[in-house]
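Structural description and commentary
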Amino acid sequence: MKKYRKRIIEEQIKNSLIITGATLIEGPKACGKTTTAKKLSKSFYQFQEKFVDINRNVIDFLLNGETPRLIDEWQLTPKIWDAIRYEVDERGLKGQFILTGSSTPINEEEIIHSGAGRFSFLLMRPMSLFESEDSSGEVSLKELFDNENIDIFGKNDTKIQRLAELICRGGFPETTDMNIDDAIEYNSSYLQAIVKSDISRIDSTVKNESLIMAFLKSYSRFQSQRATKDTIKEDMIKHENMSLSGVSICSLLNSFRNIFLIEELSAWSPKLRSKTAIRTSKIRLFVDPCIATSALMIGPNDLLEDFNTFGLLFESMVIRDLRVYTESLKGSVFTYRDKDDLECDAILHMKQGKYALVEIKLGGKEQIEEAAKNLKTLFYKIDTDTMNKPSFMMIITGTTEFAYRRNDGIYVVPITCLKN
C-alpha cells in the first residue's frame, strides 16, 4: 500500500467542519482530495457519472450515512448542492458533509443557492516540498510572522540536479515515491488525459487536441511571467504554426482555470509614500510546474542546460509551496510591480494586516545581493505611517547551503528548509 503523507490542508478541513455544516474541497485531479477527505470522513459516496433524473429517494440515499459524509466529485450532479444545503439547514448541525470536486460544475444554472453560511470553501493543490518530505521544515513561516527578528538555521542538502528533478516530478502524490523517469511518464499521461477528455467535458466547444496542446506549450513558455492574451496567441502562431482565426485565448484560459490547472498570481496594492502606478497584470502560472515541463516535453537535464527556464520554473514551484503554506495561516500570496519596473516576486499577506516581502532566486551571491537590494527599495517605498511595516523580508533560494539571517535583517532560506 502506498504511504500516506499528511497534508497541510487537513487542519483547515477540520476547522471548517467545526464552523459550517458542509465543506467543499476543490482542486486539480489527482492532487489528493479524495484520499485526504476519506481520512476525515466516516462514510462516503463517489459519483462516477451524472444522475440525469435525480429524485428525492436518490438524494436520501446519497446523503444518508455517518457524518462527516463525503460526496466525491459532486460537480457531476450539481443538483446535489442545493439538496445538501437544505439538509444542513434541516439538521442544524456542523460538520455534516465534505464535498470534493476537480472542476467547476458544467451546468451552474442547476445550482440555486450559493451556499453562503452553510459551506466552507477550500482549494487543495499538489503537494508542497514539506508535504512530500523533500523539505526539512527547519524554517517556519508562522514563527517568522509571530516573532520579529528571530535567528534561524537550516541546512540544505539538495543538489541542483535534484532540484531540477523536483520541478519535473511535481507535487502530485502518486509521483512522490517514483523515480524521476516514471514520474515524468506519469505526468505526461496525466496531461494527455486532460487534453483528450477533461477539457472537452468542461467546454464542449474545445475539442481540437492540437489546439489545446499548442495553447499548453505556449502558456508553459510564459511561466512566472506577465504575458497578455495577445502575446500567448502570437506565440502559438509563431512557434506552434496554429491558425487561430476565431479562437478565444480567454476561453482556453477559463477552461483550464475551471479544472484548477491554471492559477495566476494577482497584483498587490500597498500604500506608497509617493504616487506610483502599480501594474495590475497577473503572473502566468500552472498550479504545478510539472504541467509546464510535461507540455514542453523537457526533463531535468534540459533545465540544467537552460538556466533561464530553470529559474522561471523554480519560481513557479516556490509560489506553489508559498500558497500552500500561507493559506494554512489564513493568508494569500500576491506579486508586485510598479511603473518603475520595481518587482517583488511574492507578497505574503495575512488577514490581520501582517505581510512579508519575498524574492525568489536559484542562488549565487550576485542574485542574492540583487534580491536584497530590490526588497529594501520596495520597503522604503511603502508608507509605513498608514500601513504596517513588513513582518520580515526573505530571499527564497534553491542552491544556497544554509538558511540564515543577514546583517541587514533579510532572511535567506532554501526552499527545501521551509514549511508553513
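Residues numbered from 1 in each chain as written. Predicted model: local features only at pLDDT ≥ 70, side-chain atom pairs only at ≥ 80, totals over all residues. Heavy atoms only, no water.

**What about helix H7 (residues 180-202)?**
Over its 23 residues, H7 runs 31 Å from end to end, which matches the ideal 33 Å to within 8%, given 1.5 Å per residue. The axis of H7 is deflected most strongly, by about 45°, at Ile194. Within H7, the full set of buried residues consists of Ile180, Ala183, Asn187, Tyr190, Leu191, Ile194, Val195, Asp198, Ile199 and Ile202. Where H7 is buried, its residues contact helix H6 (160-169), helix H8 (209-221), helix H10 (249-258), helix H11 (289-296) and helix H12 (300-305). Its side-chain oxygen placed 3.1 Å from the backbone nitrogen of Asp181, Asn179 serves as the N-cap of H7. (Helix = DSSP H or I, 4+ residues; strand = E, 2+ residues; numbered from the N terminus. Expected span 1.5 Å × (residues − 1). Bend = angle between axes of the 7 residues up to and from the residue. Buried < 20%, exposed > 50% of the residue type's maximum accessible area, 1.4 Å probe, protein only. Contact = heavy atoms within 4.5 Å. Polar contact = N/O pair within 3.5 Å; in protein donor to acceptor, adjacent residues only side chain to side chain.)

**Description of the nonpolar core**
In terms of nonpolar packing, the biggest core is built from 78 residues, with Phe215, Phe256, Leu322, Leu348, Met394 and Leu418 touching the most fellow members. For this core, the element with the most residues is helix H13 (residues 307-328), which contributes 9 residues. Apart from the residues lying within four places of it in its own chain, the contact partners of Phe215 are Ile232, Met236, Ile249, Leu252, Leu253, Phe256 and Ile262. If you look at the next biggest cluster of nonpolar residues, it comprises 19 residues, including Trp268, Leu342, Leu378 and Met393. (Core = buried A, V, L, I, M, F, W, Y, C linked by side-chain atoms within 4.5 Å.)

**Here's the deal with the environment of Ala267**
For Ala267, the position within the fold is in the loop between H10 and H11. For the pair formed by Ala267 and Val247, sequence separation is 20 residues and the distance between their alpha carbons is 27 Å. Once you skip the residues sitting within four places of it in the chain, Ala267 turns out to touch Arg279, Thr280, Phe334 and Thr335.

**Examining the side chain of Asp338**
Mapped onto the secondary structure, Asp338 falls in the loop between strand E8 (331-337) and strand E9 (343-350). We classify Asp338 as buried; its relative accessible area is 0%. For Asp338, the side chain forms a polar contact with the main-chain nitrogen of Asp340, separated by 2.9 Å. Within the local environment of Asp338, its side chain forms a polar contact with the side chain of Lys381, the two groups lying 2.8 Å apart. With near-sequence residues (within four places) excluded, Asp338 lies in contact with Thr276, Ala277, Ile278, Arg279 and Lys381.

Purely geometric numbers; function is a separate question.
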